[in-house]
Amino acid sequence: MRDTRGNRLLFQIGAILFALLIANLVLFLAGAQPFAAYKYIALGAVGSWDVASNVLVSWVPLLLATSGLLVTFTVGLWNIGIEGQITLGAIFTTWAMRLLQDSGWNPGIILTIAVLAGVLGGTLWALLAGALRTFGGVNEIFGGLGLNFVATALNIWLIFGPWKRPGVASMSGTLPFDRSLWMPIAAGSSRLTPATIAIAIVGIIAVYTMIEGTYFGLKLKAVGRNPRSAYILGISTWQNMMASFAICGVFAGLAGAVQVTAVYHRLIPSISSGYGYLGLMVALLVGYRASLAAPVALFFAALNVGSIQLPIVLKLDSSLAGVLQGTLVLFVILGHGVRARLLKKTKRTP
Amino acid sequence: MNSSALVTSIAGVLAAAAPVLFAVIGETISERAGVLNLSMNGMILLSAMGSFAVALATNSVVLGFLAGAAIGALVSLVVTFASLTLLQSQVAVGFVLAQLCRDLSYFLGNPIMGKVGPRISQVPIPGLERIPVLGTILFRQDVMTYLSFILIVAAWFFIFRTRPGLTLRGVGERPAAAYIRGANVNRLRYLYAAIGGAIAGLAGPIYSLSIKAGWKGTISGLDGIGWIVLSITIFGGWKPFRAAFGAYLFAFLQWLGLVLQPSLPSVPSQVLQVAPFPLMILTLLFVNIGNAEWVDRSLARLPENVRRDIVRVLRAMNATPPAALGVPFEKE
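Residues numbered from 1 in each chain as written. Chains lettered and ligands numbered in written order. Predicted model: local features only at pLDDT ≥ 70, side-chain atom pairs only at ≥ 80, totals over all residues. Heavy atoms only, no water.

Student: Help me understand the overall build of chain A in this model?
Tutor: Counting secondary structure elements, chain A contains 14 helices and zero strands. Dimensions of chain A along its principal axes, counting C-alpha atoms only, are 75 × 60 × 35 Å. The proportion of buried residues among the 350 residues of chain A is 54%. For chain A, the proportion of contacts with a sequence separation of at least 24, taken over those separated by at least 6, is 75%. (Helix = DSSP H or I, 4+ residues; strand = E, 2+ residues; numbered from the N terminus. Buried < 20%, exposed > 50% of the residue type's maximum accessible area, 1.4 Å probe, protein only. Contact = heavy atoms within 4.5 Å.)

Okay, structure coming up:
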């Protein structure tokens, strides 16, 4: 077998079909009609303008997280701590909003400061994971996971402690901000905020340009491919690793800020909504290529939003979205491996 | 707290540590052979759900435990196949499986949520249970807790005192050397990944058929345990006794969180529940920091006697992973 674009596509389609087969099997095990489930997911995602705009609302933080992760993956780092970085972004944003909400300043200025505060929070938390890795020798996966739990604890403590609602604190989060401090919503829509969509699109373009078109991106790639030879060529491993952690933290912080200012308008216990982990799945599925991140993130967001009403219409748990995403990523990776093996075999036998 | 309540609490901590112990020892065996199984978090949830479902359907806890072990072995084999045979990243496949198995357990477990099913109960050991204090702590437990005590010693004995154990270490440390000495590296890696997965898979039924009997979906409180297990494996330095110490420390800290709760009403219970996690990061930091280059450099500036003491402390805490962990082996 030769290494051609055609058979690569063929293998990817094969992997997707295989994933669908397994997904159907799982649905069959759960006693459900696969096609009914897919139909309701599709209806739930694009059936009306309202649900379709919910897909876009969910696409923004997911794409932001994915964009950041593409940078850390370029230097070969597994920034699993991104969940905590999103949470810290949300916490810093809420903090800034609480400080400024009664200042009487222009809402545009308050929102800008709040988003920048979120960026700061995400970056600091990412740099902490980075420092643990580069100076403490703690693998970024385990340091990041630990920091995720700390971030969650801090968040819950704030919601139930210092920032609790007047009266009784609850899992529903802090008191919502005044409508004037919401990210401006597009005319004729209930939730769509053009500003955040613009941020996400500019973000992924910036990441694509940086990785593919700049000297800095080239250095990141060099460190990712082979840290030792990059080091010998005079490219500092630790500086580039810290820089990529910081950039990923900026994007995670933005995602957290979006969750607070444009989606929930308050701080809630699960403010990161799992977008960090889902972003990792998207990055794995696209094979770390920035060019494919936006459409695949949109598809994953559609699966998430589309499955929300499955418990009502089909009595199926909405975790079906995660099952579909997981099988898809797993089989695409396995398909990649099978193809690589076949290619190698042909190379060996002349 | 009076002394009898304390004794009961210690017994409770030992029981609560049992599933963590099985998972940590299983992962230790797998990593000793060079296979990093990052899917632990989802795998424990899936085996907890699956084993409860099987026990519920067959009304047999034994079949439930077997199902848990089978799920653990199967998930572990997928990671091994993807990495050893298809040469894909163990971390990537492990992470995807951690997410996938978690969602699968929630999705497939939906119909059996909250159902009451069979569970194992305590089996006091006649005679021994009458020993004051120790009897209550050690000999009024369920079968799996007894097995967890045996598992620590058995794993240590196997890894460090037997010939197959020596080969196991060789496969993870110097696969090329093990291969030259006649070991079939990849076959052994498959074998120990499956065995380690099966042992770790028993953690699921220990939860769903014993200490947290039943399946409660997202509120089972099991999400996150697997990640802790992976940290404890590092903390344990891939040695069974040190790993057991980590597991007991974790169970103790979680119990402490529950006990302190009433005296700290301003702190939400969820915060105290995660208290062990930052402590885990700190321990990981101490376990690893001896390996960092800048530590060596700054230590070199210290006076000899101070340096000797610090180095001794760092070396005592230090743990080095199996050299070939996560690296596929190809004979050529």
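Student: I would appreciate a short explanation of the overall build of chain B in the present structure.
Tutor: When you go through chain B residue by residue, the secondary structure sums to 16 helices and zero strands. The C-alpha atoms of chain B give 21 Å as radius of gyration, which agrees with the globular expectation for 332 residues (20 Å, within 12%). The dimensions of chain B, computed from C-alpha atoms along their principal axes, are 55 × 50 × 45 Å. Considering chain B as a whole, with its 332 residues, one finds that 54% of them fall into the buried category. Taking the contacts inside chain B whose residues are at least 6 apart along the sequence as the reference set, 76% of them involve residues at least 24 apart. Here chain B has roughly 14,500 Å² of accessible surface; of this, 67% comes from carbon and sulfur atoms. A distance of 6 Å separates the average location of the 24 positive side-chain charges in chain B from that of its 13 negative side-chain charges. (Rg over C-alpha atoms; globule rule 2.2 N^0.38 Å. Areas by Shrake-Rupley, 256 points an atom, 1.4 Å probe, with all protein chains shown as cover. Lys, Arg positive; Asp, Glu negative; His and termini not counted. Charge placed at Lys NZ, Arg CZ, Asp CG, Glu CD.)

Student: I would appreciate a short explanation of a nonpolar patch on the surface in the present structure.
Tutor: Residues and elements named next belong to chain A. There is a patch of nonpolar side chains on the surface, built from Leu-9, Ile-13, Ile-16, Leu-17 and Leu-20 and spanning about 450 Å² of accessible area. One can find Leu-9 in helix H1 (residues 5-29). Taking the relative accessible area as the measure of exposure, Leu-9 reaches 51% and is therefore exposed. (Patch = residues over 30% accessible without salt bridge, like charges linked within 9 Å, V, L, I, M, F, W, Y side chains within 5 Å. Salt bridge = Lys/Arg side-chain N within 4 Å of Asp/Glu carboxyl O.)

Student: Could you clarify how one ought to interpret the packing of aromatic side chains in this entry?
Tutor: Centre distance and the angle of the planes are the two values used to describe a pair of aromatic rings. Counting across every chain of the model gives 15 aromatic pairs over all chains. Cluster of aromatic residues (ring-pair linked, three or more members): Phe-73, Trp-78, Tyr-277 and Tyr-288 of chain A together with Phe-95 of chain B. (Phe/Tyr/Trp six-rings, centres within 6.5 Å; stacked < 30°, edge-to-face > 60°.)

Student: Which parts of the structure should I look at to understand the nonpolar core?
Tutor: Generally speaking, soluble globular proteins have nonpolar side chains that are buried together. Core analysis: the biggest nonpolar cluster contains 206 residues, and Trp-78, Phe-300 and Leu-320 of chain A together with Phe-95, Trp-215 and Trp-227 of chain B have the highest contact counts within it. In terms of residues, this core owes the most to one element, helix H10 (residues 237-264) of chain A, which gives 13 residues. Discounting chain neighbours no more than four positions away, the residues touching Phe-95 of chain B are Trp-78, Ile-80, Tyr-277, Leu-280, Met-281 and Leu-284 of chain A together with Leu-38 and Trp-227 of chain B. Counting five residues, the second largest nonpolar core, distinct from the first, contains Ala-153 and Ile-156 of chain A together with Val-267 and Leu-272 of chain B. (Core = buried A, V, L, I, M, F, W, Y, C linked by side-chain atoms within 4.5 Å.)

Student: Just checking my understanding: could you explain unusual backbone geometry for this structure?
Tutor: With glycine set apart, most residues show a phi of negative sign, and most peptide bonds adopt trans. Residue and element names in this part refer to chain A. In this structure, His-265 takes a positive phi of about 60° despite not being glycine. Position of His-265 among the secondary structure elements: in the loop between H10 and helix H11 (275-285). Classification of His-265 as buried rests on a relative accessible area of 8%. A positive phi is found at Ser-273, a non-glycine position, where the angle reads about 50°. Inspection of the secondary structure assignment puts Ser-273 in the loop between H10 and H11. The partly exposed category is assigned to Ser-273, whose relative accessible area is 33%.

Student: Just checking my understanding: could you explain the interface of chain A and chain B for this structure?
Tutor: With 47 residues of chain A at the interface, the matching set in chain B holds 40 residues. Sorting the residues of chain A by area buried against chain B places Phe-142, Phe-149 and Leu-330 of chain A first, and these three jointly supply 16% of that buried surface. Applying the counting criterion to the chain A and chain B interface returns zero salt bridges. Across the chain A-chain B interface, the total number found is two residue pairs in polar contact (both at pLDDT 80 or more). Elements that contribute at least two residues to the side of chain A that touches chain B include exactly H1, helix H6 (140-160), H11 and helix H14 (320-348) of chain A. If you tally residues by element for the side of chain A that touches chain B, the top one is H14 of chain A, at 15 residues. When grouped by side-chain class, the residues that make up the side of chain A that touches chain B number 32 nonpolar, ten polar and five charged. (Buried area = accessible area lost by both parts, 1.4 Å probe. Polar contact = N/O pair within 3.5 Å; in protein donor to acceptor, adjacent residues only side chain to side chain. Nonpolar A, V, L, I, M, F, W, Y, C, P; charged D, E, K, R; others polar.)

Student: So what exactly am I meant to see when it comes to the side chain of Thr-87 of chain A here?
Tutor: Here Thr-87 of chain A lies in helix H4 (residues 82-100). Other than its neighbours up to four places away in sequence, Thr-87 of chain A contacts Ala-151, Asn-155, Ile-271 and Ser-272 of chain A.

Student: Is there a simple way to explain the packing of helix H3 (residues 49-74) of chain A against H10 of chain A in this structure?
Tutor: The geometry of a pair of packed helices is captured by two quantities: the angle between their axes and the separation between those axes. All names here are of chain A. Where H3 meets H10, the closest approach of the two axes is 7 Å, and the angle between their N-to-C directions is 170°. Comparing their axes, H10 and H3 come out roughly antiparallel. Contact residues: H3 offers Val-57, Val-60, Pro-61, Leu-64, Ser-67, Gly-68, Leu-69, Val-71 and Thr-72, while H10 offers Ser-244, Phe-245, Ile-247, Cys-248, Phe-251, Leu-254, Ala-255, Val-258, Gln-259 and Val-263. Of the residues that constitute the contact of H3 with H10, the class distribution is 14 nonpolar, five polar and no charged. (Axes fitted to C-alpha atoms, helices over the stretch in contact; angles between N-to-C directions. Parallel < 35°, antiparallel > 145°, perpendicular 65-115°, else oblique.)

Student: Help me understand helix H1 (residues 3-32) of chain B, please; the structure alone is not making it clear to me.
Tutor: Residues separated by three or four positions in an α-helix point in the same direction, a consequence of the helix having 3.6 residues per turn. All names here are of chain B. Compared with an ideal rise of 1.5 Å per residue, which puts 30 residues at 44 Å, H1 spans 41 Å between its outermost C-alpha atoms and is within 8% of the ideal. The largest bend in H1 comes to about 35°, at Ala-18, with the proline Pro-19 one to four residues further on. Among the 30 residues in H1, 22 count as buried, and that is most of the element. Two residues or fewer past H1, Gly-34 is found with a positive phi of approximately 105°. (Expected span 1.5 Å × (residues − 1). Bend = angle between axes of the 7 residues up to and from the residue.)

Student: Teacher, can you tell me more about the environment of Ile-199 of chain A here?
Tutor: Along the chain, the position of Ile-199 of chain A falls in helix H7 (residues 194-213). Between the C-alpha atoms of Ile-199 of chain A and Leu-64 of chain A, which are 135 residues apart in sequence, the distance is 8.5 Å.

Student: Where do I start with the side chain of Thr-66 of chain A in this structure?
Tutor: Residue and element names in this part refer to chain A. Positionally, Thr-66 belongs in helix H3. Classification of Thr-66 as buried rests on a relative accessible area of 0%. Apart from the residues within four sequence positions on either side, Thr-66 is in contact with Gly-279, Val-282, Ala-283 and Ala-293.

Student: Would you take a moment to explain the packing of helix H3 (residues 61-85) of chain B against helix H9 (residues 185-201) of chain B for this structure?
Tutor: Residue and element names in this part refer to chain B. At a minimum axis separation of 7 Å, H3 and H9 run at an interaxial angle of 145°. Judged by the sense of rotation from one axis to the other, the crossing of H3 with H9 is right-handed. Residues Gly-68, Ala-69, Gly-72, Ala-73, Ser-76, Leu-77, Thr-80, Phe-81, Leu-84 and Thr-85 of H3 pack against Asn-186, Arg-189, Tyr-190, Ala-193, Ala-194, Gly-197, Ala-198 and Gly-201 of H9. (Left-handed = near helix turned anticlockwise from the far one by under 90°.)

Student: Would you mind going over helix H11 (residues 225-235) of chain B with me for this structure?
Tutor: Most of H11 of chain B sits inside the fold, with eleven of its eleven residues counted as buried. Three or more residues of H11 of chain B are buried, namely Ile-225, Gly-226, Trp-227, Ile-228, Val-229, Leu-230, Ser-231, Ile-232, Thr-233, Ile-234 and Phe-235 of chain B.

Student: Even after reading the chapter, I still don't get the environment of Lys-115 of chain B, so can you show me in this structure?
Tutor: As for its position among the elements, Lys-115 of chain B is in the loop between helix H4 (90-109) and helix H5 (134-139). Once residues within four sequence positions are removed from consideration, Lys-115 of chain B is found in contact with Phe-52, Leu-56 and Gly-214 of chain B.

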